[in-house]
Amino acid sequence: MEFEWEEEPQERKGELKIGSFSLSLLRRDIRLWGLALYKKWVWIVLVPPVAGGLIFLAVTLFCGRVFEANTTLLRVERDYQKIEGAVDAFKPLSNEVVVDMIRSRNNILEVCRRLSGSNVSFQDVYDNTTITRKKSRDNLFVISARAADPKTAAELADAIAGVFLEDYKNTQKSKHVESYNNYRRNQEELKLDIENRERELKKQMEDFGGISLTEALERCSSQIRALEARQLDDRATAQAAESKLEELRKQLAATPPTIRTVSETYDEDKMEIQRKEMELAGLRMQYTDDNPIVQKAAMTLKVLKERAAVNGASQKPSKVIQGVNPTYRFIEADIVRAQSEFTAAGHNISTIGESLQVLRNQEAKIVRLIPAYEQMVAILKQKKELLGELEKSCHMQNLAANSPFCDISIYEHAAQPTQGIARRRLVLSLGGLILAFLGTAGTVLGKEALNLRVRSGDDFEAGLGVPCIGAVCELASDNRSEYYAQLQMLVDHIRDLAEKPEAMVAMVSYDSRKEAEAFVDKCNDVLMLKDIDTLRISVCSELPEKSARYLVNDYLYGLAAAPPEPDAGRTLYFKLDEMSFFTPPEPERLRMMRGELKKYDIVVWTIGKPEEDRRLFEIICESCGDVIFAARFDCESKLKISADIRALRQGGREPAVSGLLYDIPAGLSKWVV
């Protein structure tokens, strides 16, 4: 089967990270979960029974027999809502409050005082008593008391019930008395408030004739309407009188006050003409006709004659005898009467206007006061209703405070138990067994979830994102065929690498370097059988003196013309010294050395700890065409391998990275391969 090398991207798409930690490192083959349970099956099987047995033994030895006695309380609830005038303050305490009162501190201390002969403490009573309510009848309270002997248990249950009933009765009575006093105080304050408001309301009514503001407003409105009607009538009368007065004045102006009885007439134009003729005759006697004075007088006479001819005779009385006109006198009398009517109507209009203004001001005042008045009336009505309710509540609280009735009583006294409470040892033991099983299995699976060591090919592929070129188990007497089959598959992959020209591989082995080199030697032996010559260059910090002549440092630093010959195991060495740290060899020099070693089909660099010289590690991996991270089963951490792979991928040229898993225990090979 031919293995295909894959170039991995710089960052895998969809990879989730927390800082520099990739969550893909937590991925694992699902079979490893089963393997974890399989390896710890002894603990998973033995711990739960042991835990259950210890719990059974502890309950038997340390938990003595306990007796339980029960006292039942019955609550008869009255429906106070059906009582007219009942308020919330009159309602009894809720069942939850009753349960808290039974186990209150003061009640338990009183129980301890009453049972002082039984030597019970506050904590004993509190821890060994419970209050329950039956689901079918929630008005039944069951007081359960536990003690080491049956008599003490029965006495304790009855004592708790008796102390509670006394406390409950006193509480209810004090509650009713306090409510009664509050109601009485509120009632007196409310009465005083009602009296003050009634006096204020009465004072307002006195300002308006002792009637209500609504009645006063209605009366004022009716008076305004009547006056407005009268004012309209007077205005109509005034307008009629004014019209009549104007007409009479016109008639008076057209009627002469006097009339003539006798008159003589004369023609004024004729007499003027005669006078002018006489003047003209006198002038002609003095002057000639060509005289301007004569000509002017003649022209004037001519004009007068023409005007007289046009106008006709103009006769005027020359003597008039005047007399009284009776029509004029009658019209004057009518004018006097019309003027009197007009004046009287105007006076009435003015008087009614003043009265209307007064009434309208009063109406506006009443309108402003009505909202407050109505609000006061409504408040007064509400307060009177509230006063009636307070009187009923006072009466009811007084009855309740003086009533001997109590809604809670003892329904059944405690009887001395004849049998103790079951200690449920089997149930507790079974619970302990289940919890121990879950705890043991959870611990194993939790430890497995936090295990980041390489244990399967899926850890390389899914966790680290690199292909796994092989998974080889340990060599044992019962799995030789499986071992050599897996080794043969790995050798086939390495042979594919050897087909590349001047193939050079970097193998990183971390803390399991010796085991990794031994595994490489086994692979070399198999490769020799397939006519593939391999050379191993081991990077180490310490080197025996006898191996000093196999160092390639001098050649890589240019101090030797050719690399040395390998030892009998076909191995050369590169020592980590100060020079390699400060001036590591160049990648070109490493590839040049590979050209000098071209008689070998493949050269393998074995690196133990990359962190010893990170720069040298990157140079060797950059010079090699392939990098193999060899992980011994359950020894190498995926965190280290992931950091080194990330460092290689952050460089310029990225080599082909793959993984190798070896020394898998013989019995676990089927779980991870």
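What you see is a predicted model, and the numbers here were worked out from it, not measured in a lab.

**Some details on the side chain of Asp 234**
At step 1: Note on placement: Asp 234 falls in helix α7 (residues 213-254).
At step 2: Arg 230 provides the closest opposite charge to the buried, unpaired Asp 234, separated from it by 5.3 Å.

**Examining the nonpolar core**
It is characteristic of soluble globular proteins that their nonpolar side chains tend to be buried jointly.
At step 1: Residues Phe 460, Leu 490, Phe 574, Trp 605, Ile 620 and Phe 629 are the most contacted members of the largest nonpolar core, which totals 75 residues.
At step 2: Top contributing element to this core by residue count: helix α13 (residues 480-498), with 7 residues.
At step 3: Core analysis: the next-biggest nonpolar cluster, separate from the first, contains 29 residues, Val 125, Ile 131, Ala 159 and Ile 408 among them.

**Observations regarding the packing of helix α3 (residues 95-102) against helix α6 (residues 150-206)**
At step 1: Packing of α3 against α6 leaves a shortest axis separation of 9 Å and a crossing angle of 125 degrees. Classed by the angle they form, the pair α3 and α6 counts as oblique. For the pair α3 and α6, the crossing hand works out as right-handed. Across from Val 98, Met 101 and Ile 102 in α3, the residues of α6 making contact are Ile 160, Phe 164, Asp 167, Tyr 168 and Thr 171.

**Some details on the pairing of strand β3 (residues 67-75)**
At step 1: Counting buried positions over the 9 residues of β3 gives 7, a clear majority of the element.
At step 2: As paired elements, β3 and strand β5 (residues 140-147) share 8 bridges and run antiparallel to each other. Directly across from Leu 74, in β5, lies its bridge partner Leu 140.

**What about empty space enclosed by the protein?**
At step 1: As enumerated under the stated definition, the model contains 2 cavities of 30 Å³ or more in all.
At step 2: One number sums up the size of the largest cavity: a volume of about 100 Å³.
At step 3: Looking at the largest cavity, the residues that line it are Ile 494, Leu 497, Val 505, Met 507, Phe 519, Val 520, Cys 523, Asn 524, Leu 527, Ile 602, Val 604 and Ile 628.
At step 4: Those elements that place two or more of their residues in the lining of the largest cavity are α13, β10 (503-508), α14 (513-529) and β13 (602-607).

**As for unusual backbone geometry**
The phi torsion of most residues other than glycine is negative, and most of the peptide bonds are trans.
At step 1: The residue Asp 634 is not glycine, and still its phi comes out positive at about 60 degrees.
At step 2: Tracing the chain through its elements places Asp 634 in the loop between β14 (626-632) and α19 (638-649).
At step 3: Residue Asp 634 is classed as partly exposed on the basis of its relative accessible area, which comes to 22%.
At step 4: Residues other than glycine seldom take positive phi values, yet Asp 663 does so here, at roughly 55 degrees.
At step 5: Overall, the relative accessible area of 18% leaves Asp 663 in the buried class.

Calculation rules
Think of each chain on its own: its residues are numbered from 1, step by step along the sequence as written. Two thresholds apply to this predicted model, a pLDDT of at least 70 for residue-level local features and 80 or more for giving and counting side-chain atom pairs, whereas whole-chain, interface and lining totals are computed over all residues. The side-chain figures draw on all heavy atoms in the structure; neither hydrogens nor water molecules are used. Numbering goes from the N terminus for both helices and strands, where a helix is a DSSP run of H or I of at least four residues and a strand is a run of E of at least two. Each residue is assigned to one of three classes by its accessible area relative to the maximum for its type, calculated with a 1.4 Å probe on protein chains only: buried under 20%, partly exposed between the two thresholds, exposed over 50%. The positive count covers Lys and Arg only, the negative count covers Asp and Glu only, and His and the chain ends enter neither. Salt bridges, as used here, are contacts in which a Lys or Arg side-chain nitrogen is within 4 Å of a carboxyl oxygen on Asp or Glu. Put simply, buried Ala, Val, Leu, Ile, Met, Phe, Trp, Tyr and Cys residues joined by side-chain atoms within 4.5 Å make one nonpolar core. Orientation is described by lines fitted to C-alpha atoms, with helices fitted over the stretch in contact, and by angles between N-to-C directions that extend from 0 to 180 degrees. Each angle receives one of four descriptions, namely roughly parallel if under 35 degrees, roughly antiparallel if over 145, roughly perpendicular if within 65 to 115, and oblique otherwise. In this scheme, a crossing is called left-handed if the near helix is turned counterclockwise away from the far one by less than a right angle; it is called right-handed if the turn is clockwise. Should any heavy atoms of two residues lie within 4.5 Å, those residues are considered in contact. Any two strands with at least two DSSP-identified bridges between them are counted as paired. For cavity detection a 1 Å grid was placed over the protein atoms alone, and a set of points counts as a cavity when a 1.4 Å probe fits there but cannot get out; an open set counts as a pocket when protein lies on both sides within 12 Å along at least five of seven lines, with lining residues being those that have an atom within 4 Å of a point. Grid points are joined across faces, edges and corners, and a volume is the space filled by probe spheres set on the points.

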